[in-house]
Amino acid sequence: MAELFYDADANLGVLQQRKVAIIGYGSQGHAHALNLRDSGIDVRVGLRPGSKSVEKAENEGLRVVSVAQAAQEADVIMILAPDQVQRIVYRDEIAPYLQPGNALFFAHGFNIRFGYIQPPAGVDVCMVAPKGPGHLVRREYAEGRGVPVLVCVEKDETGFAWSLALAYAKGIGGLRAGGIRSTFTEETESDLFGEQAVLCGGASALITAGWETLVEAGYQPEIAYFECLHEMKLIVDLMYEGGIAKMRWSVSDTAEYGDYVSGPRVIDAGVKQRMREVLADIQSGAFAQRFIDDQDAGGPEFYALRAKAEAHPIEATGRELRKLMAWVKSHDDDYTEGTAAR
């Protein structure tokens with residue numbers, strides 16, 4: 001069974017005695033900075049000059065400085081830049097200012113697990129990883145609740161890393177819901193696997209293959225879109241609320257019976273074996289190396305794959321159908337459909 005932590009297990013005063021830098025002001029960055037600020041923590045946000053997030057953070061009453069200045073001022077540094085950027089930001093603007101007794105925090109263990117960031121002796125290395133997007137972390141905190149978090153310590157150089165990590169988790173509201181003790185290795189490998197095999201890669205490939213199967217059999221693309229993509233939200237929402245059992249309870253007997261007899265014909269032992277191969281590539285570092293090498297080269301494979309996926313006919317079908325559904329709205333002002341080179 002997982003070891004759980006709650007508010008009573010953490011002393012927020014441990015963090016209130018420190019100066020915290022939040023590096024980045026995206027989905028997680030804005031939530032961490034605002035929640036910590038509202039928990040009485042001394043917070044500054046580190047951003048590159050010209051970042052469009054500077055105005056957003058300042059409008060929330062947060063103090064914004066350069067990444068280097070934030071690293072110099074703070075003794076607790078939470079790095080929330082994208083995975084492929086973190087090692088560069090760390091090398092150029094954080095590492096030169098680290099002092100013994102400082103703590104480096106992460107919300108995902110990619111760069112520590114695969115060795116792209118190697119903190120010096122004397123610096124604690126911790127993770128507090130909310131299991132939800134930043135807007136939810138902020139909203140739940142503001143409403144007096146919280147989003148569950150993973151709490152991990154990779155290096156306890158000072159002897160106080162766990163108390164500091166728990167205080168941080170409490171500061172962003174995570175221990176109101178519960179913190180789960182984990183490790184950088186477990187969080188990183190399971191997170192990458194879930195994204196690739198099930199949540200993003202697996203789900204999108206399954207939906208696309210289903211749509212193609214119906215269209216190739218002569219069914220209208222619009223009908224295939226509704227049956228294989230649009231209604232996925234209904235199914236996932238039911239699972240989210242009560243697990244697979246509630247989904248099966250909620251759908252028709254015909255659908256439930258088809259689940260039992262046809263699901264294993266599609267997702268069979270061969271799929272599970274290929275999932276093991278995906279996991280092995282993650283564990284060995286092969287996936288991380290492929291991703292970082294491609295990013296260092298300017299992302300040619302990444303952008304080619306993105307463009308190919310966005311050009312798939314299922315996307316054009318969806319754009320037209322969503323015009324008929326006034327209730328379907330994007331909640332991200334920065335997102336524009338069909339911009340593969342973004």
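Since the structure is predicted, the reported quantities are computational estimates derived from the model, not experimental observations.

Enquirer: I would appreciate a short explanation of the pattern of salt bridges in the present structure.
Expert: Opposite charge on two side chains permits pairing when their charged atoms draw close. As enumerated under the stated definition, the model contains 18 salt bridges in all. Taking the shortest distance from any N to any O, the salt bridge between Glu140 and Arg139 comes out at 4.0 Å. On the basis of relative accessible area, Glu140 is assigned to the buried category, the value being 11%. A cluster of three or more residues bridged by salt bridges with shared partners is formed by Asp42, Arg44, Arg63 and Glu73.

Enquirer: Help me understand the nonpolar core in this model?
Expert: Most often, soluble globular proteins have nonpolar side chains that are buried together. One finds Leu15, Val20, Ile22, Tyr25, Leu36, Phe105 and Tyr168 to be the most contacted residues of the largest nonpolar core, which totals 37 residues. Taken together, the elements giving at least two residues each to this core come down to β2 (19–23), α2 (27–38), β3 (42–46), β5 (76–79), β6 (103–106), β7 (124–130), β8 (149–155) and α8 (161–171). The element contributing the most residues to this core is α8, with 7 residues. In contact with Phe105, not counting residues within four places along its chain, are Val76, Ile77, Met78, Ile79, Cys126, Val128, Leu164, Ala165 and Tyr168. If you look at the next biggest cluster of nonpolar residues, it comprises 24 residues, including Ala71, Ile79, Leu104 and Ala129.

Enquirer: I keep staring at the sheet that holds β8 and nothing clicks. Help me out?
Expert: Strand pairing in a sheet relies on backbone hydrogen bonds, with the paired strands running either antiparallel or parallel. With mixed pairing, 9 strands are arranged side by side in an open sheet as β1-β9-β8-β7-β6-β5-β2-β3-β4. Every interior strand has two partners, whereas the edge strands, β1 (4–5) and β4 (64–65), have only one. Relative to β3, β2 runs parallel, the two being bridged by 5 bridges. When the bridges of β3 are listed, Val20 appears paired with Val43.

Rules used in this analysis
- Residues numbered from 1 in each chain as written.
- Predicted model: local features only at pLDDT ≥ 70, side-chain atom pairs only at ≥ 80, totals over all residues.
- Heavy atoms only, no water.
- Salt bridge = Lys/Arg side-chain N within 4 Å of Asp/Glu carboxyl O.
- Buried < 20%, exposed > 50% of the residue type's maximum accessible area, 1.4 Å probe, protein only.
- Core = buried A, V, L, I, M, F, W, Y, C linked by side-chain atoms within 4.5 Å.
- Helix = DSSP H or I, 4+ residues; strand = E, 2+ residues; numbered from the N terminus.
- Contact = heavy atoms within 4.5 Å.
- Pairing = 2+ DSSP bridges.

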